[in-house]
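Here is what each chain is made of, one letter per residue.
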Amino acid sequence: MEQVNKKGKSKLDTYLKNLREKLIKKLGNHLDSLVSRGVLNAYKVKRDFGMGDSTFNNLCQCNSTASPDTLDKMAFLIAYYLDQFDKELKAEPNGKSKQEKIDALSEMKDEFKLLYGCRADIAIKMVNEQSELLTN
C-alpha cells in the first residue's frame, strides 16, 4: 500500500509542477500584453504593491520560479490595474481612439478571466468593493 501512495504522490507532484509552469507561461504572455498596452509595468507594481522588479520581470519572461502565493497575488494586481485603466478611459473624451481602448480593455478582461477563472471574478469583485469604499 505504501508504494501506491508514493506513486500517487509522485504523479500529483508532477501534475502540480506542470500546472504551475503552464500557468506561468500563460501569465507571462498576458502580463507582456498588459505591459505593451500601458496597463501596468514593473515600476507601478513596485510602487503600489512592493513587488520587486525582478519578480515582476521574471513573470513577464515566463520564469518558472514564482511561488503559488505570488501567482495568486497577481490575480489581484491584474484586476486592480485593469480597473485603473478603466477609470482612466472613462475620463478620456469620446472618439475612435477611446473606443479602440475600450474594446482592448474588454479583450484584456476576457483573457484575465480565462487565465484565472473564478479567482479573476473574486479579484475583480474585491477591487470594485475597495474602489467603492474609497469613493464613498
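Please read all numbers here as calculations on a predicted model, not as lab measurements.

**Some words on helix α5 (residues 96-116)**
Then comes step 1: Over its 21 residues, α5 extends 30 Å from the first C-alpha to the last, a length consistent with the 30 Å expected when each residue adds 1.5 Å.
Then comes step 2: Those residues of α5 that fall on the buried side of the exposure criterion are K98, A104, L105, M108, F112, L115 and Y116. Angular distribution of buried residues about the axis of α5 spans 120 degrees; they occupy a single face of the element. Opposite the buried face of α5, by more than 90 degrees, sit the exposed residues K96 and L114.
Then comes step 3: Directly after α5, the chain includes G117, whose backbone phi takes a positive value near 60 degrees.

**Regarding the packing of aromatic side chains**
Then comes step 1: Tallied over the full model, the rule gives five aromatic pairs.
Then comes step 2: Between F49 and Y81, the ring centres sit 5.9 Å apart and the planes meet at 80 degrees, which makes this aromatic pair edge-to-face. Highlighted residues: F49 in helix α2 (residues 42-49) and Y81 in helix α4 (residues 68-91), separated in sequence by 32 residues.
Then comes step 3: Here a set of aromatic residues connected by ring pairs shows up, and it is made of F49, F76, Y80 and Y81.

So, how was this worked out
Throughout this document, residue positions are counted from 1 along each chain, in the order its sequence is written. Only residues with pLDDT of 70 or above have their local features reported here, since the model is predicted, and side-chain atom pairs are shown and tallied only from 80 upward, although totals for entire chains, interfaces and linings are computed over all residues. Think of the side-chain values as coming from all heavy atoms in the structure, minus any hydrogens and water. Counting from the N terminus, the helices are the DSSP runs of H or I reaching at least four residues and the strands are the DSSP runs of E reaching at least two. To estimate how far a helix should extend, the number of its residues minus one is multiplied by 1.5 Å. Only protein chains enter the accessibility calculation, which uses a 1.4 Å probe; a residue is then buried when its area is under 20% of its type maximum, exposed when over 50%, and partly exposed in between. The directions considered for the arc run from the helix axis to the C-beta atoms. Paired rings are identified among Phe, Tyr and Trp, the last through its six-membered ring, by centres lying within 6.5 Å, and are further divided according to the angle between planes into stacked (under 30 degrees), edge-to-face (over 60) and tilted (the rest).

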